[in-house]
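Read off the chains here:
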Amino acid sequence: MQYCEMSKEELLKLKEELDERYKEAQSKGLSLNMSRGKPSATQLNVTMDMLDTINSSSDMKSEDGTDCRNYGVLDGIPEAKKLMADIMGTTPEHVIIYGNASLNIMYDQVSRAYTHGLLGNTPWCKLDKVKFLCPVPGYDRHFAITEHFGIEMINIPMSENGPDMDMIEKYVNNDESVKGIWCVPKYSNPQGYTYSDETVKRFAALKPAAKDFRIFWDNAYVIHHLYEDKQDEILDIISECEKAGNPDMVFEFASTSKVSFPGSGMAALASSEANVADIKKQLTIQTIGHDKINQLRHVRYFKNLEGVKAHMMKHAAQMRPKFEATLKVLKEELTGLGIGTWSEPRGGYFISFDAMEGCAKAIVAKCKDAGVVLTNAGATFPYGKDPKDSNIRIAPSFPTPEEMELASDIFVLCVKIVSIEKILETK
């Protein structure tokens, strides 16, 4: 029976029982964290033998003869560009290799547009108004970048097929102050949704009012499948934009941060020939080149895309039980109660939970008091403000499967208590 169908007396009795269970949970002194998508130590251990790939006796030359110990090669050694292009589903001439973090590249691209402009267009800092579209729930670090630059952010609702393209077309095609949109197109953060072919093609066919409008296509989880036999696929946005006559409209980002080591992976940007040339002109001032030894290490370790895919199945073996443990508790404890819905992703790093309106902050706070730390309620929306106070991001990656099951038990207990309190306000 749904909680809203229960009488006030039934709800009060149930709440009394749940409160007792909550006190027991508090008394255990737990300290469980499912707030951020950090890889666990066991995941990091999977890649430890990469450190043996290169040593003091190794040939440190790339396939084109470049000495990777020295200065130079602004856009990355050829084999690293090929590997990242294969991961992203594009071709090497579209790719620039950076350091360890794609977030840093995204920040750079917003900063360049803000201070110097894109492809000769007016720098955003000289405009009266700059706006960004933000599919929600979405990635808090994206929103932090645009907020940092004082860019106005506009919420765009998400569905299982991607963001609301009718709204996006209306804004992009008619408002010159709309300069960009944040996207996590595959196994989105936090829902784990993958954009449909129609959505990708509609993105590529946009007719922006602003010549310097850019799609910030953060393909962070492009190879982060949980299952070998159930994997989402997505069209290549670079080639779709080329076919639609909009080659300069997209910046695509990816990295090996959760493939090798988050602190020492390699990141890449893919874009049009014109965008790549424009970026490289500014990179000559910014850097003498990124870590080519690390690029060489990655290529020699993974060898090719097939090697990366095989490695990712090792990660999946670590991640899958944690997701399944969490989803099992959610299904068994909350199905049919009418107090929450959740995504069931086939990849990525998160599960998105939608509580009853007005309950997310209270659930997160109650979990914290019982020793379970979640991402702050509202974090998945610009300015940290969820208009419905409903969405909660669950990150199963860091704890063990056993810890995730325990944390999930406490989470659903808190969902039940807070939901009953909310319903009783109307009884």
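Above this text is the structure in question.
Here's a quick rundown of the structure. Residues take numbers from 1 onward in each chain, read along the sequence in its written order. Per-residue local features of the predicted model are confined to residues with pLDDT of at least 70, and side-chain atom pairs are confined, for both listing and counting, to 80 or more; whole-chain, interface and lining totals are unaffected and use all residues. The basis for every side-chain value is the complete set of heavy atoms in the structure, and neither hydrogens nor water enter the calculation.

Notes on unusual backbone geometry
Cis peptide bonds are those with omega within 30 degrees of zero, and the linkage from Val136 to Pro137 qualifies with -5°. In this structure, the amide linkage connecting Asn189 to the following residue, Pro190, adopts the cis form with an omega of 15°. Segments assigned H or I by DSSP are reported as helices when at least four residues long, segments assigned E as strands when at least two residues long, and all are numbered from the N terminus. Here Pro190 lies in the loop between β6 (178-183) and α7 (197-204). For Tyr187, which is not a glycine, the phi torsion comes out positive at approximately 50°. Position of Tyr187 relative to the elements: it lies in the loop between β6 and α7. Taking relative accessible area as the criterion, Tyr187 reaches 0% and is therefore assigned buried. At Asp389, a residue that is not glycine, the phi angle is positive and equals roughly 45°. Structurally, the position occupied by Asp389 is in the loop between β12 (372-374) and β13 (391-394). Partly exposed describes any residue whose relative accessible area lies between the buried limit of under 20% and the exposed limit of over 50%, with all areas from a 1.4 Å probe on protein chains only and scaled to the type maximum.

Structural notes on the packing of aromatic side chains
By convention, a stacked pair of Phe, Tyr or Trp rings (six-membered ring in the case of Trp) has centres within 6.5 Å and planes under 30 degrees apart, an edge-to-face pair has planes over 60 apart, and any other such pair is tilted. What the rule picks out here adds up to 15 aromatic pairs. Pairing Phe132 with Trp182 gives two aromatic rings, centres 5.4 Å apart and planes at 45°, and the pair type is tilted. Within this pair, whereas Phe132 is found in strand β3 (residues 131-136), its partner Trp182 is found in strand β6, the two being separated by 50 residues in sequence. Judged on exposure class, the residue Phe132 and its partner Trp182 are both buried. Through pairs of rings, three or more aromatic residues link up here, namely Trp124, Phe132, Trp182, Phe216, Phe251 and Phe253. Only Lys NZ and Arg CZ are tested; either one counts as a charge over a ring when it is within 6 Å of the ring centre and within 35 degrees of the ring normal. Residue placement shows Lys38 over the ring face of Phe398; its charged tip is 5.1 Å from the ring centre. Note that Lys258 overlies the ring of Tyr349, its terminal NZ or CZ placed 5.0 Å from the centroid.

Structural notes on the sheet that holds β13
Should DSSP find at least two bridges between two strands, the strands are taken to pair. The three strands lie next to each other as β10-β11-β13, forming an open sheet whose pairing is antiparallel. Both edges of this open sheet fall to β10 (340-342) and β13, since each of them pairs with a single strand only. When strand polarity is set aside, the average angle formed by the axes of neighbouring strands in this sheet is 25°. To obtain an axis, a line is fitted to C-alpha atoms, over the contacting stretch when the element is a helix, and the angle between two such axes runs from 0 to 180 degrees between their N-to-C directions.

Quick notes on the sheet that holds β6
Taken in spatial order, the eight strands line up as β2-β9-β8-β7-β6-β3-β4-β5 in an open sheet, and their pairing is mixed. Each end of this open sheet is capped by a strand with a single partner; those strands are β2 (95-97) and β5 (162-163). The criterion used for residue contact is that any of the two residues' heavy atoms lie within 4.5 Å. Across the sheet, helix α3 (residues 78-88) is in contact with β2, β8 (250-255) and β9 (267-270); its angle to β2 comes to roughly 120°. Packed onto the sheet, helix α9 (residues 273-286) meets β2, β7 (214-218), β8 and β9 and runs at close to 25° relative to β2.

Notes on α7
Turning to α7, its buried residues are Thr199, Val200, Phe203 and Ala204. Buried positions in α7, seen along its axis, are confined to an arc of 135° and lie on one side of it. Check the buried side of α7 and you find it contacts β5, α6 (165-174), β6, β7 and α8 (237-243). The directions from the helix axis to the C-beta atoms form the arc being described.

As for the side chain of Ser40
With respect to the helices and strands, the residue Ser40 is situated in the loop between β1 (32-34) and α2 (41-45). A distance of 2.8 Å separates polar atoms of two side chains, one belonging to Ser40 and the other to Thr42. Polar contacts here mean pairs of N or O atoms no more than 3.5 Å apart (in protein, one a potential hydrogen donor and the other a potential acceptor; neighbouring residues in sequence count only if both atoms are side-chain atoms). A polar contact is formed between the side chain of Ser40 and the side chain of Lys322, at a distance of 3.4 Å. Those residues in contact with Ser40, other than ones at most four positions away along the chain, are Lys322, Ser397 and Phe398.

A word on the packing of α3 against helix α10 (residues 292-302)
Interhelical geometry of α3 versus α10 gives an angle of 60° and a closest axis separation of 9 Å. Taken together, α3 and α10 sit at an angle that is classed as oblique. At the point where α3 passes α10, the crossing takes the left-handed sense. Of the residues in α10, those in contact with Glu79, Ala80 and Leu83 of α3 are Gln295, Leu296, His298, Val299 and Phe302. Counted by class, the contact of α3 with α10 contains five nonpolar, two polar and one charged residues. Should an angle fall under 35 degrees it is taken as roughly parallel, and over 145 as roughly antiparallel, whereas 65 to 115 is taken as roughly perpendicular and any remaining angle as oblique. If you view the pair so one helix is near and one far, a crossing is left-handed when the near helix is turned anticlockwise from the far one by less than a right angle, and right-handed when it is turned clockwise. In this classification, Asp, Glu, Lys and Arg are treated as charged, Ala, Val, Leu, Ile, Met, Phe, Trp, Tyr, Cys and Pro as nonpolar, and every other residue, Gly included, as polar.

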